[in-house]
Amino acid sequence: MKKWMLIPAVAGVLAIGGVALAEDSVPSVAKQAEKLISLQEAKQVATEKVKGGIVTEIELDKDDGRYHFDVDLKDGKYEYDLEVDAVTGEIIKFEKESDKNHKQEKSDKLLTKEEAIAIVKKKAVGTVKEFELDTDDGRKVYDIEMKDDQFKYEIEIDAVTGEFLKSEKERYSNLKNEVKVQSEKVAASTLKVAEPAKQAVKLVDNKKSNQKTMLTKEQVIAIAKQHASGVVTDFELDDNVYEIEMEDGDIEYELDIDAFTGAILSFERDDD
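The rules behind each value
- Residues numbered from 1 in each chain as written.
- Predicted model: local features only at pLDDT ≥ 70, side-chain atom pairs only at ≥ 80, totals over all residues.
- Heavy atoms only, no water.
- Buried < 20%, exposed > 50% of the residue type's maximum accessible area, 1.4 Å probe, protein only.
- Helix = DSSP H or I, 4+ residues; strand = E, 2+ residues; numbered from the N terminus.
- Pairing = 2+ DSSP bridges.
- Patch = residues over 30% accessible without salt bridge, like charges linked within 9 Å, V, L, I, M, F, W, Y side chains within 5 Å.
- Areas by Shrake-Rupley, 256 points an atom, 1.4 Å probe, with all protein chains shown as cover.
- Salt bridge = Lys/Arg side-chain N within 4 Å of Asp/Glu carboxyl O.
- Lys, Arg positive; Asp, Glu negative; His and termini not counted.
- Charge placed at Lys NZ, Arg CZ, Asp CG, Glu CD.
- Arc of directions from axis to C-beta.

A few words on the pairing of strand β10 (residues 151-158). β10 sits mainly inside the fold: six of its eight residues count as buried. Bridge count for strand β9 (residues 139-147) against β10 is seven bridges, and the pairing is antiparallel. Note on β10: the bridge partner recorded for methionine 146 is tyrosine 153. Where β10 and strand β11 (residues 164-171) come together, seven bridges link them in antiparallel fashion.

Next comes the structure, spelled out in structure tokens:
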């Protein structure tokens with residue numbers, strides 16, 4: 001990624017090679033076929049997305065020939081990282097995490113282990129494998145790991161309020177490896193069966209054909225909606241994995257789905 005400029009939030013100007021440029025002169029940086037939106041327009045897009053958010057930093061980057069603004073915001077409780085397409089003004093990336101400087105409510109009374117697990121089990125199933133009280137930038141949190149027969153869950157909640165700070169769901173890597181090994185064994189045994197050469201070739205061809213049949217966008221979204229609700233805000237195919245983002249009010253989901261099998265490779269849910 002090639003970074004072109006850094007814009008301090010308060011200054012309202014760009015500095016390139018020691019020369020200060022006004023906000024609305026951003027398009028002159030890349031005198032190419034694209035017509036870039038102004039800095040002010042990018043800030044407006046970001047603040048309309050994050051109501052009450054304050055822009056702390058903006059960067060104009062060029063990634064794979066595509067210009068975009070990296071915008072960082074804070075609202076006193078969360079930190080946001082957005083990428084705004086510098087040509088269309090479309091938000092192409094949105095991340096949100098708990099503000100590390102946000103002070104925890106003053107209270108000497110922490111949730112009990114039983115209370116914390118009861119809160120977590122509203123969003124995850126399975127057996128608690130790890131439970132730990134930790135401190136993150138002065139904030140007391142419970143780190144909880146759970147497992148069921150297919151997935152591993154890693155959840156972090158505020159030890160005082162029970163607020164969800166992090167929620168991740170991931171399929172076991174050893175389960176994926178086991179499935180892969182079993183699949184290879186089945187394929188191998190199929191080829192060892194004494195059959196006419198013609199039929200053996202046909203089996204191999206069918207196997208290759210099935211491997212190359214990629215799920216459609218509609219099929220993948222249907223799978224995603226079995227695990228998450230709301231509107232699809234981002235949909236990308238990267239290295240045979242569909243990356244999907246969805247929003248349902250204040251709840252945001254991020255899913256990675258195998259483009260051929262439809263298996264959920266990772267699942268994240270972020271609540272306000």
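Here the narrative resumes, following the displayed structure.
Before going further, it helps to spend a moment on a negative patch on the surface. Together, Glu130, Glu132, Asp134, Asp136 and Asp137 line one region of the surface with negative charge. Checked against the element boundaries, aspartate 137 lands in the loop between β8 (127-136) and β9.

Along helix α5 (residues 217-224), the residues classified as buried are Val220, Ile221, Ile223 and Ala224. Angular distribution of buried residues about the axis of α5 spans 155°; they occupy a single face of the element.

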